[in-house]
Every structure is written in structure tokens, then in C-alpha cells.
Amino acid sequence: MNDIEPQTANGKVLWHFTMSLDGFVAGPNHEMDWMMTGISPQPGLIEEYVATTGAVLGGRRGWDHFPDPRSVYGGAWTGPIFVLTHHPEDAKPADGVTFLDCDVAEAVRIALAAAGGRNVEVHSPTIGGQLLERGLLDEINLHIAPVLLGKGIRLLDLPGGRPHYLHRVGSDQQRNHRHHLDDGR
């Protein structure tokens, strides 16, 4: 049964993650092996994201742990990847990857231009949090994994940050995990 509304490719900025029940998107050292054990995505979901994603925006810490552009959706997706870093000069070059040293808003502008009308997926908790605080996200897509990690890298860790109220995408009858931001805008 399809429990989320189909993804559309209309130039959105999406913060997209699989998250543990206790709010972690990676282990303490960016480990992702917990997602490979007994967690199956909804049929067709990966193909949906592959078809609607035009560019990926990530951070340097995540990139340094997974420096392979072919790892996005297990190699099913190819396209421009942008890695936001304060030190692009010491980053190991990779085909299809552009290292940016700029403001997060400028990074989003660059990624949206490269996405060609499709969506930009944000694969970084740090960058996603900054975009959330600045009102630059259109949607948050979370897939909750049936695992408790106990420690690791949280989806959102903004001490002193304000609450951000969301509303679900689609009808109330659907159990979905996609949310539009509703920050009074």
C-alpha cells in the first residue's frame, strides 16, 4: 500500500533523510550501516526520488565519510552534487561534484539552477538546519526507520532554535512523512 503522496519534480528544496526513531540520521562517526539491516524502502520510493531529483546539496563532513558520487540512491541517481565547505582547496575532486565555499542561500541558488526545474535534495543535517532557520526549505521528507540508535548525529540540533511548525503533504487519511513548512509565511 502506498502510504505517501507521490513526489513531484517542481523545483523544491527538500531536506530528505531516513531517521531512527530516536532522531538520529547517522551514527556518531557518520555510520550508515544501521540502514542496511532489516529496513526496506517502500516499493518504488527510490525510483520516485531518482526521477524527481535534479541536484544534491550536502556538507563536507558527510562527503568526507562517503566520497563517492555514485553512492546516491545506490548509484541509481546521477547528477550534479554540491558540497558546501569552508575548505574546498583540500577536498578530493570527484566527477560531477562541485565544492562550494559560500553562504548557504547562495549554495541553494546554485543547486536549484543546476537542477533544471527538478528538486534539490539536501543531504546534510547541518545545512538542512541552517536552511530551516532561514526559511529556505520547501519540504522535509523523513522516513522513520524502526531502530533506536541511542547516539549519533541528530536530524536537527539547534540549541536555542525556535519551533518550526509543519503540516503534512496530502490528505489526512494518508500516513505520510512529507511535510511542508508552515512558519507563518
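What counts, and at which threshold
- Residues numbered from 1 in each chain as written.
- Predicted model: local features only at pLDDT ≥ 70, side-chain atom pairs only at ≥ 80, totals over all residues.
- Heavy atoms only, no water.
- Helix = DSSP H or I, 4+ residues; strand = E, 2+ residues; numbered from the N terminus.
- Buried < 20%, exposed > 50% of the residue type's maximum accessible area, 1.4 Å probe, protein only.
- Contact = heavy atoms within 4.5 Å.
- Expected span 1.5 Å × (residues − 1).
- Arc of directions from axis to C-beta.
- Polar contact = N/O pair within 3.5 Å; in protein donor to acceptor, adjacent residues only side chain to side chain.
- Core = buried A, V, L, I, M, F, W, Y, C linked by side-chain atoms within 4.5 Å.

Draft legend 1. Spotlight on the overall build of the protein. When helices and strands are counted, the protein shows four helices and 10 strands. For the protein, the sequential pattern of α-helices and β-strands runs β-β-α-β-α-β-β-α-β-α-β-β-β-β. Counting the 185 residues in the protein, one finds 42% classified as buried. In the protein, the proportion of contacts linking residues at least 24 apart, taken out of those at least 6 apart, comes to 74%.

Draft legend 2. Quick peek at the environment of Gln7. Along the polypeptide, Gln7 turns up in the segment before β1 (13-20). What makes Gln7 buried here is its relative accessible area of 7%. A sequence separation of 41 residues divides Gln7 from Glu48, and the C-alpha atoms of the two residues are 6.4 Å apart.

Draft legend 3. Layout of helix α3 (residues 104-115). Its 12 residues give α3 an end-to-end C-alpha distance of 16 Å, which sits within 8% of 16 Å, the value for a rise of 1.5 Å per residue. Residues of α3 that are buried: Val104, Ala107, Val108, Ala111 and Ala115. The buried side chains of α3 occupy one side of the element, clustering within an arc of 100 degrees when seen end-on. For α3, the elements touching its buried residues are β1, β3 (53-59), β4 (81-84), β5 (97-100), β6 (119-122) and α4 (125-133). Here α3 starts with a cap whose side-chain oxygen sits 2.9 Å from the backbone nitrogen of Ala105, and that cap is Asp103. Just past α3, the residue Gly116 takes up positive phi, approximately 60 degrees.

Draft legend 4. Quick look at the nonpolar core. Counting 26 residues, the largest nonpolar core has Trp15, Leu57, Val122, Ile127, Leu131, Leu137 and Leu155 as the members making the most contacts within it. Of all the secondary structure elements, the ones that give two or more residues to this core are β1, β2 (24-26), β3, β4, α3, β6, α4 and β7 (139-145). Sorting elements by how many residues they give to this core places α3 first, with five residues. Those residues in contact with Ile127 that lie beyond four places of it in its chain are Leu57, Gly58, Gly59, Leu84, Val104 and Val122.

Draft legend 5. Broad picture of the side chain of Thr52. For Thr52, the position within the fold is in helix α1 (residues 45-52). Of note is the side chain of Thr52, whose polar atom sits 3.0 Å from the backbone oxygen of Glu48. Not counting chain neighbours up to four residues away, the residues in contact with Thr52 comprise Gln7, Thr8, Ala9, Arg118 and Asn119.

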